[in-house]
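Spelled out from the first residue to the last, the chains are:
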Amino acid sequence: MIPFRETYRDIPLYSPAKKRCRVDLSDNTNLFGAPPSAERVLREEGLQHLSRYPVGYAPDLKRAVAAYADVAVENVTTGCGSDDVIDCALRAFLEPGDAVAFPDPTFVMVPLFARLSALRPVPVPLREDLSLDVDGLVATGAKLIYVCTPNNPTGTVASRAALERLVDRAPGVVLIDQAYVEFSRGGDFMDLARSRPNVLVTRTMSKAFGLAGLRVGWAVGAPSLVAEVEKARGPYKHTALGEAVAVSALAEDVAWMEACAAEAVENRERLRGGLKVLGLEPLPSEANFLLVPVPEARRVGEGMRERNVNVRVFEGLAGVGDALRIGCGPWPLMATALKALKEAL
Ligand SMILES: Cc1ncc(COP(=O)(O)O)c(C=O)c1O
């Protein structure tokens with residue numbers, strides 16, 4: 001018998017139910033497509049990036065992120081999606097056996113990444129109104145506290161007062177995951193990453209920027225924090241092509257991204273109206289998705305898949321119960337989802 005790693009024995013492979021569907025609203029990507037400059041970069045520069053290694057630690061991308069986020073290059077790290085940045089941060093700041101605290105429910109990869117690095121995931125339930133339990137998070141004593149805002153899967157946001165209190169009182173690093181910030185009103189906490197020594201804000205090119213397939217994420221924080229994450233990251237986390245497209249999108253496609261985000265938000269609220277007509281009560285959302293409590297969500301989700309619409313099914317979510325998470329984009333897709341849901345119910 002090969003002596004596999006003990007702590008891995010009970011860790012499942014992460015693979016949410018996916019069936020190829022004509023309409024896939026399950027992963028909150030930009031359903032309008034990829035940013036306009038991507039086509040040009042792929043056409044003009046594609047081949048030249050294939051035979052050489054990218055430059056280590058992605059200096060061009062860091063410069064583009066620094067300009068976009070209005071910080072110095074020393075404040076920026078990047079990774080293979082923000083997934084990777086989060087994973088690197090956990091390894092950078094914690095020793096095996098240490099606790100990682102996070103509100104529950106939140107992004108499912110966080111407890112999984114924690115276990116993959118032999119860390120202890122410590123969920124702290126959101127309060128009944130889905131706000132952060134700051135005292136509960138601080139009381140865990142965790143050297144890294146993760147907070148996602150707007151939160152996946154609820155779509156709800158943390159208040160500035162709660163987050164600032166958390167940052168003031170946390171014994172270590174507060175990682176604020178802002179994968180969906182482009183869809184929120186006033187929910188941007190980049191200023192905390194600029195001003196506080198213990199805050200790392202992660203962002204992604206996968207959602208509003210429409211580049212999920214290229215796997216590019218980034219984070220901003222104090223240079224001392226960033227330097228540790230860079231050690232955990234290592235030199236090559238992007239393809240040269242992914243880096244080049246992300247650079248052009250940050251420089252040239254911000255207006256396009258903002259227009260897509262605004263339309264996704266408008267259609268999200270229109271979808272909310274349609275769901276209410278079906279007797280459902282979606283949670284408030286500042287992301288590009290709605291979480292809709294639905295009894296027997298698995299059965300309903302399968303019914304929608306049979307009708308060629310994929311949404312994300314959650315069963316027994318803390319404080320919510322069974323629910324469907326529906327990604328928002330062009331209205332014709334929303335209309336198709338509503339029809340499939342109505343029939344599946
Ligand atoms: C809250 C949150 N954070 C991070 C990610 C990871 O995104 P990526 O690795 O594509 O940047 C996701 C993806 O679903 C997410 O929902």
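The structure displayed is predicted, hence computed values, not measured ones.

### Quick look at the sheet that holds strand β8 (residues 217-220)
No. 1: With mixed pairing, the seven strands of this open sheet are ordered in space as β2-β8-β7-β6-β5-β3-β4. Single-partner strands in this sheet number two, and they are β2 (76-79) and β4 (120-125). Taking the axes of each pair of neighbouring strands and ignoring which way they run, one obtains an average angle of 25 degrees across the sheet.
No. 2: Across the sheet, helix α3 (residues 81-93) is in contact with β2, β3 (99-104), β5 (144-148), β6 (173-177), β7 (199-204) and β8; its angle to β7 comes to roughly 155 degrees.
No. 3: Against the sheet, helix α8 (residues 223-233) contacts β2, β6 and β7, and its axis sits at roughly 25 degrees relative to β2.

### As for α8
No. 1: Residues of α8 that are buried: Leu225, Val226, Val229, Glu230 and Arg233. What you see down the axis of α8 is that its buried residues fit within an arc of 135 degrees, all on one side. Turned more than 90 degrees away from the buried face of α8, the exposed residues are Ser224 and Lys231.
No. 2: Considering only its buried residues, α8 is in contact with α2 (59-69), β2, α3, β6 and β7.
No. 3: Note on α8: the residue one or two positions beyond its end, glycine 234, has a positive phi of about 80 degrees.

### Digging into the sheet that holds strand β9 (residues 289-293)
No. 1: As summarised here, the arrangement of the three strands in space is β9-β12-β11, forming an open sheet in which the pairing is antiparallel. The two strands at the open ends of the sheet, each matched to only one other strand, are β9 and β11 (312-317). Strand-to-strand, the axes of this sheet are offset by a mean angle of 25 degrees, without reference to chain direction.
No. 2: Relative to strand β12 (residues 321-327), β9 runs antiparallel, the two sharing five bridges. Among the inter-strand pairings, proline 293 is bridged to a residue of β12, identified as alanine 323.

### Examining the packing of helix α10 (residues 254-277) against helix α12 (residues 331-344)
Helices that pack against each other are described as a pair by the angle of their axes relative to one another and the distance between those axes.
No. 1: The N-to-C vectors of α10 and α12 enclose an angle of 20 degrees; their axes lie 10 Å apart at closest approach. Viewed along their axes, α10 and α12 adopt a mutual orientation that is roughly parallel. When you trace α10 past α12, the crossing you get is right-handed. Residue-level contacts link Asn267, Arg270, Leu271, Gly274 and Leu275 of α10 to Trp331, Met334, Leu338 and Leu341 of α12.
No. 2: Class assignment of the residues belonging to the contact of α10 with α12 gives a composition of six nonpolar, two polar and one charged.

### Observations concerning the pairing of β5
No. 1: Of all five residues that make up β5, five are buried, and the element is covered over most of its length.
No. 2: Residue alternation in β5 divides its side chains into two sets, Leu144, Tyr146 and Cys148 and Ile145 and Val147, and both sets are buried.
No. 3: Pairing analysis gives two bridges linking β3 to β5, with the strands arranged parallel. Residue pairing in the sheet places alanine 101 in a bridge with isoleucine 145 of β5.
No. 4: Where β5 lies against β6, five bridges are found, and the strand directions are parallel. Counted as the bridge partner of isoleucine 145 is valine 174 from β6.
No. 5: A crossover connection joins β5 to the parallel β6 through helix α6 (residues 160-169); in handedness this β-α-β unit is right-handed.

### A closer look at empty space enclosed by the protein
No. 1: A complete count under the given rule lists three cavities of 30 Å³ or more for this structure.
No. 2: Along the walls of the largest cavity sit Pro103, Leu126, Leu130, Leu132, Val147, Cys148, Asn151, Thr156, Val157 and Ala158, which together make up its complete lining.
No. 3: Of the residues contributing to the lining of the largest cavity, the split by class is eight nonpolar, two polar and no charged.
No. 4: Space inside the second largest cavity adds up to approximately 40 Å³.
No. 5: Across the lining of the second largest cavity, the residue classes tally to nine nonpolar, three polar and no charged.

### Examining the packing of aromatic side chains
No. 1: Enumeration over the complete set of coordinates arrives at four aromatic pairs.
No. 2: Plain terms: the ring middles of tyrosine 53 and tyrosine 236 are 5.1 Å apart, the flat faces sit at 25 degrees to each other, and that makes the pair stacked. Of this pair, tyrosine 53 sits in the loop between α1 (36-45) and α2 while tyrosine 236 sits in the loop between α8 and α9 (240-252), and the two are 183 residues apart along the sequence.
No. 3: Tyrosine 53 gets classed as exposed once you look at its relative accessible area, which sits at 67%.

Parameters and conventions
Residues numbered from 1 in each chain as written. Predicted model: local features only at pLDDT ≥ 70, side-chain atom pairs only at ≥ 80, totals over all residues. Heavy atoms only, no water. Pairing = 2+ DSSP bridges. Helix = DSSP H or I, 4+ residues; strand = E, 2+ residues; numbered from the N terminus. Axes fitted to C-alpha atoms, helices over the stretch in contact; angles between N-to-C directions. Contact = heavy atoms within 4.5 Å. Buried < 20%, exposed > 50% of the residue type's maximum accessible area, 1.4 Å probe, protein only. Arc of directions from axis to C-beta. Parallel < 35°, antiparallel > 145°, perpendicular 65-115°, else oblique. Left-handed = near helix turned anticlockwise from the far one by under 90°. Nonpolar A, V, L, I, M, F, W, Y, C, P; charged D, E, K, R; others polar. Right-handed = clockwise from strand over helix to strand, strands pointing away. 1 Å grid on protein atoms, 1.4 Å probe; cavity = no way out; pocket = protein on both sides within 12 Å on 5 of 7 lines; lining within 4 Å. Points joined across faces, edges and corners; volume = space filled by probe spheres on them. Phe/Tyr/Trp six-rings, centres within 6.5 Å; stacked < 30°, edge-to-face > 60°.

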